[in-house]
Amino acid sequence: MITSLCYTASAQSLLGGREEQQDAYCLERRWGEIFAAVCDGIGGLPDGAEASRSAVQALLTAFHKKPQAAPSYLYRQAIDWMDRAVAEQTAGGGSTIVSVWVRSGGLYWLSIGDSGLFLLRGGSLQRLVPEHNYAALLKQRLERGEISQLLYDREIGRGRALTSYLGMNGISLYAQNQYPLTLERGDVILLCSDGLVNTVTDQEIMFEILHNGQPEDCLQRLMAISKQRGAPDNVTAVLIEHE
């Protein structure tokens, strides 16, 4: 567990039903700042474990080389570095990423793929980033009248297929905030691979955060719930609390 001025943070992973851990994460404290990321190697592609590790390492290299960079600027540069690292160090592998940088009371983020980023504030759990998958694309096209309901219903079975991920050799779809979200006392930030949100509901996540005290205790309970439900996938989560 990491404590940094007004923030307490912790991270945990669960192997689940996979033969190897294809999630990777980082959690660092520096000068009162918190920097964290969760990467999820894509199971349907080769070298998932190496893909997620390469993405985390490339991001940390960028973070360590330019400690004074504006977070939004560094994230934009890091997208290309991470994408290239995954493409070069795997045989066609891919990885999602969700990352946050807490600086001067503000929250910056970057997300590519379908990993989760949530903010718990005032008893409400809000997802801060969209999912970059086929289901989201189909929904957008249906709402704009570009496809019929019949086509939507026929295609939605493939909805979990990702439309953006590291390793594609060119990222055009990503979620990033240009200006920081001001954090308030009592805010809790959760980063997680989809292995968590596929086994634990938003209501259960909110309950455990509100009732389990320290981030480490909360994550242990969330991992236990996921494991009880079979946890077919790797599960990784980082929890950051603004005290």
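Being a predicted model, the structure only gives us computed values, none of them experimental.

(A) Focus on the overall build of the protein. When helices and strands are tallied, the protein shows 7 helices and 12 strands. A compact globule built from 243 residues should have a C-alpha radius of gyration of about 18 Å, and the protein, at 17 Å, falls within 12% of that. In terms of overall dimensions, the protein has a C-alpha envelope of 50 × 40 × 40 Å along the principal axes. Counting all 243 residues of the protein, 52% fall into the buried class. Put simply, 72% of the contacts in the protein that link residues at least 6 apart link residues at least 24 apart. Carbon and sulfur atoms provide 48% of the accessible area of the protein, an area that totals close to 11,200 Å². In the protein, 21 positive and 28 negative side-chain charges are present, and the distance between their average locations comes to 4 Å.

(B) Quick peek at the nonpolar core. In terms of nonpolar packing, the biggest core is built from 28 residues, with F35, L59, Y75, M82, I97, W101 and L166 touching the most fellow members. Sequence-distant contacts of M82, that is, excluding residues within four places in its chain, are made with A55, A58, L59, I97, L110 and L166. Counting residues in each nonpolar core, the second largest holds 22 residues, with Y7, A9, L183 and I189 among its members.

(C) Region of interest: the pattern of salt bridges. Under the defined criterion, the tally for this structure stands at 12 salt bridges. Linking D233 and R18 is a salt bridge whose minimum nitrogen-to-oxygen distance equals 2.9 Å. With D233 in the loop between α7 (215-228) and β12 (235-242) and R18 in the loop between β2 (7-14) and β3 (23-30), this residue pair connects regions lying 215 residues apart in the sequence. As a salt-bridge pair, R103 and E33 come within 3.0 Å of each other at their nearest N and O atoms. With R103 in strand β5 (residues 95-103) and E33 in strand β4 (residues 33-41), this pair connects stretches of sequence that are 70 residues apart. Per residue, the accessibility class of R103 equals that of E33, and both read buried. Taken together, the shared-partner salt bridges in this structure form one network comprising R30, E33 and R103.

(D) The arrangement of helix α1 (residues 48-65) in detail. Here α1 contains 18 residues, and its C-alpha end-to-end distance of 26 Å stays within 8% of the 26 Å for a straight helix at 1.5 Å per residue. Within α1, the full set of buried residues consists of G48, A49, A51, S52, S54, A55, V56, A58, L59, L60, A62 and F63.

(E) Spotlight on the packing of α1 against helix α2 (residues 71-89). Where α1 meets α2, the closest approach of the two axes is 8 Å, and the angle between their N-to-C directions is 145°. Crossing handedness for the pair α1 and α2: right-handed. Mapping the contact onto sequence places E50, A51, S54, A55, A58, L59, A62 and F63 in α1 and L74, Y75, A78, W81, M82, A85, V86 and Q89 in α2. Here the residues of the contact of α1 with α2 sort into 13 nonpolar, 2 polar and 1 charged.

(F) A look at the packing of aromatic side chains. Evaluation of the coordinates by the stated rule reveals 4 aromatic pairs. Measuring from ring centre to ring centre gives 5.5 Å for F35 and W101, while their planes differ by 85°; the resulting arrangement is edge-to-face. Residue F35 is located in strand β4, and its partner W101 is located in strand β5; the two are separated by 66 residues in the primary sequence. W101 carries the same exposure label as F35, and that label is buried. Within the aromatic cluster, the residues linked to one another by ring pairs are F35, F63, Y75 and W101. The ring of F63 carries the charged tip of R30 above its face, separated from the ring centre by 3.9 Å.

(G) Region of interest: the side chain of Q22. Positionally, Q22 belongs in the loop between β2 and β3. A polar atom in the side chain of Q22 sits 3.1 Å from the side chain of E20. Leave out the neighbours within four places in its chain, and Q22 touches C39, D40, G41, I42, G43, G48, A49, S52 and N234.

(H) Main features of the environment of I147. Within the secondary structure, I147 sits in the loop between α3 (134-143) and α4 (149-155). Note on I147: relative accessible area 9%, which makes it buried. In this structure, I147 is in contact with L138, R141, L142 and Y152, ignoring residues within four places of it in sequence.

What counts and how
- Residues numbered from 1 in each chain as written.
- Predicted model: local features only at pLDDT ≥ 70, side-chain atom pairs only at ≥ 80, totals over all residues.
- Heavy atoms only, no water.
- Helix = DSSP H or I, 4+ residues; strand = E, 2+ residues; numbered from the N terminus.
- Rg over C-alpha atoms; globule rule 2.2 N^0.38 Å.
- Buried < 20%, exposed > 50% of the residue type's maximum accessible area, 1.4 Å probe, protein only.
- Contact = heavy atoms within 4.5 Å.
- Areas by Shrake-Rupley, 256 points an atom, 1.4 Å probe, with all protein chains shown as cover.
- Lys, Arg positive; Asp, Glu negative; His and termini not counted.
- Charge placed at Lys NZ, Arg CZ, Asp CG, Glu CD.
- Core = buried A, V, L, I, M, F, W, Y, C linked by side-chain atoms within 4.5 Å.
- Salt bridge = Lys/Arg side-chain N within 4 Å of Asp/Glu carboxyl O.
- Expected span 1.5 Å × (residues − 1).
- Axes fitted to C-alpha atoms, helices over the stretch in contact; angles between N-to-C directions.
- Left-handed = near helix turned anticlockwise from the far one by under 90°.
- Nonpolar A, V, L, I, M, F, W, Y, C, P; charged D, E, K, R; others polar.
- Phe/Tyr/Trp six-rings, centres within 6.5 Å; stacked < 30°, edge-to-face > 60°.
- Lys NZ or Arg CZ within 6 Å of the ring centre and 35° of its normal.
- Polar contact = N/O pair within 3.5 Å; in protein donor to acceptor, adjacent residues only side chain to side chain.

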